[in-house]
Amino acid sequence: EDQVTQSPEALRLQEGESSSLNCSYTVSGLRGLFWYRQDPGKGPEFLFTLYSAGEEKEKERLKATLTKKESFLHITAPKPEDSATYLCAVRAGVLSGKLIFGQGTTLQVKP
Amino acid sequence: NAGVTQTPKFRVLKTGQSMTLLCAQDMNHEYMYWYRQDPGMGLRLIHYSVGEGTTAKGEVPDGYNVSRLKKQNFLLGLESAAPSQTSVYFCASGRLAGGPAGELFFGEGSRLTVL
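In this text, all values refer to a predicted model and were calculated from it rather than measured experimentally.

Novice: Which parts of the structure should I look at to understand the overall build of chain B?
Specialist: When helices and strands are counted, chain B shows zero helices and 11 strands. Element order for chain B, N to C, with α for helix and β for strand: β-β-β-β-β-β-β-β-β-β-β. A compact globule built from 115 residues would reach a C-alpha radius of gyration of about 13 Å, and chain B, at 13 Å, matches this within 12%. For chain B, the proportion of its 115 residues judged to be buried stands at 46%. In chain B, once contacts between residues fewer than 6 apart in sequence are set aside, the share between residues at least 24 apart is 53%. Positive and negative charge centroids in chain B, built from 11 and 9 side chains respectively, lie 6 Å apart.

As structure tokens, then:
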């Protein structure tokens with residue numbers, strides 16, 4: 001059964017304190033791993049797509065990396081506006097269209 | 001641009017009542033999804049569609065039905081609501097090709113309470 005697990009569930013950082021979020025997955029035939037950001041009361045917003053082990057993507061203070069079993073979202077020198085819930089998702093199978101999400105990591109960055 | 005629009009945004013039902021959530025997208029996307037989000041459980045896929053006239057079951061389909069009669073609309077129905085269906089429901093749409101795979105566009109959510 002396809003499964004996505006994120007850790008930690010919650011993370012509190014001081015402004016400028018770098019850290020990483022983890023997303024481990026079990027899926028038959030990975031066809032992409034995706035990161036999203038969700039602000040309270042809003043729908044998730046797309047951040048990155050990763051396809052193969054070793055791939056990296058960057059956007060401002062965020063960098064996503066992928067191995068064969070997990071992905072990391074690295075946050076460098078975070079600011080309070082980076083506070084949000086970060087979700088990862090996987091797609092299994094080219095034509096299935098099915099995206100399975102993890103439970104998310106809620107990040108709070110204090111000034 | 002409207003993007004993905006969900007109606008209604010809030011609804012309170014009594015156990016056993018029925019209702020339909022409507023999702024409309026104006027981006028000509030092939031894929032559409034219904035997810036539910038509960039505290040600590042992330043997004044769980046209810047049903048999805050890869051094109052007009054097609055639907056498929058997700059992780060938690062029991063108690064829900066869907067229809068995609070038109071490409072731009074995806075309806076989620078609850079025939080006999082139960083308190084366990086109290087949740088926030090999100091609709092999303094995505095392209096088959098022409099953009100980052102896995103880039104879904106989400107609506108603002110529909111908060112449903114079943115008493």
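Novice: How should the pairing of strand S11 (residues 105-110) of chain A be read in this particular structure?
Specialist: Looking down a regular strand, the side chains alternate between one sheet face and the other. All names here are of chain A. A one-sided burial pattern is seen for S11, the buried positions being Thr 105, Leu 107 and Val 109 and the unburied ones Thr 106, Gln 108 and Lys 110. Looking at chain direction, strand S2 (residues 10-14) and S11 are connected through five bridges and run parallel. Note on S11: the bridge partner recorded for Leu 13 is Val 109. Where strand S9 (residues 84-92) meets S11, three bridges bridge the pair, whose relative direction is antiparallel. Within the sheet, the bridge partner assigned to Thr 85 lies in S11 and is Thr 106.

Novice: It is not clear to me how the sheet that holds strand S3 (residues 19-25) of chain B should be interpreted in this structure. Could you clarify?
Specialist: Sheets are built from strands paired through backbone hydrogen bonds, the pairs being either parallel or antiparallel. Residues and elements named next belong to chain B. Across the sheet, four strands lie side by side as S1-S3-S8-S7; this open sheet has antiparallel pairing. With partners counted over all chains shown, the strands left at the sheet margins are strand S1 (4-7) and strand S7 (65-67), one partner each. On average, each strand axis in the sheet is tilted by 20° relative to the strand beside it, whichever way the strands run. Pairing between S3 and strand S8 (residues 73-78): six bridges, direction antiparallel. Counterpart to Cys 23 in the pairing with S8 is Phe 74.

The rules behind each value
- Residues numbered from 1 in each chain as written.
- Chains lettered and ligands numbered in written order.
- Predicted model: local features only at pLDDT ≥ 70, side-chain atom pairs only at ≥ 80, totals over all residues.
- Heavy atoms only, no water.
- Helix = DSSP H or I, 4+ residues; strand = E, 2+ residues; numbered from the N terminus.
- Rg over C-alpha atoms; globule rule 2.2 N^0.38 Å.
- Buried < 20%, exposed > 50% of the residue type's maximum accessible area, 1.4 Å probe, protein only.
- Contact = heavy atoms within 4.5 Å.
- Lys, Arg positive; Asp, Glu negative; His and termini not counted.
- Charge placed at Lys NZ, Arg CZ, Asp CG, Glu CD.
- Pairing = 2+ DSSP bridges.
- Axes fitted to C-alpha atoms, helices over the stretch in contact; angles between N-to-C directions.

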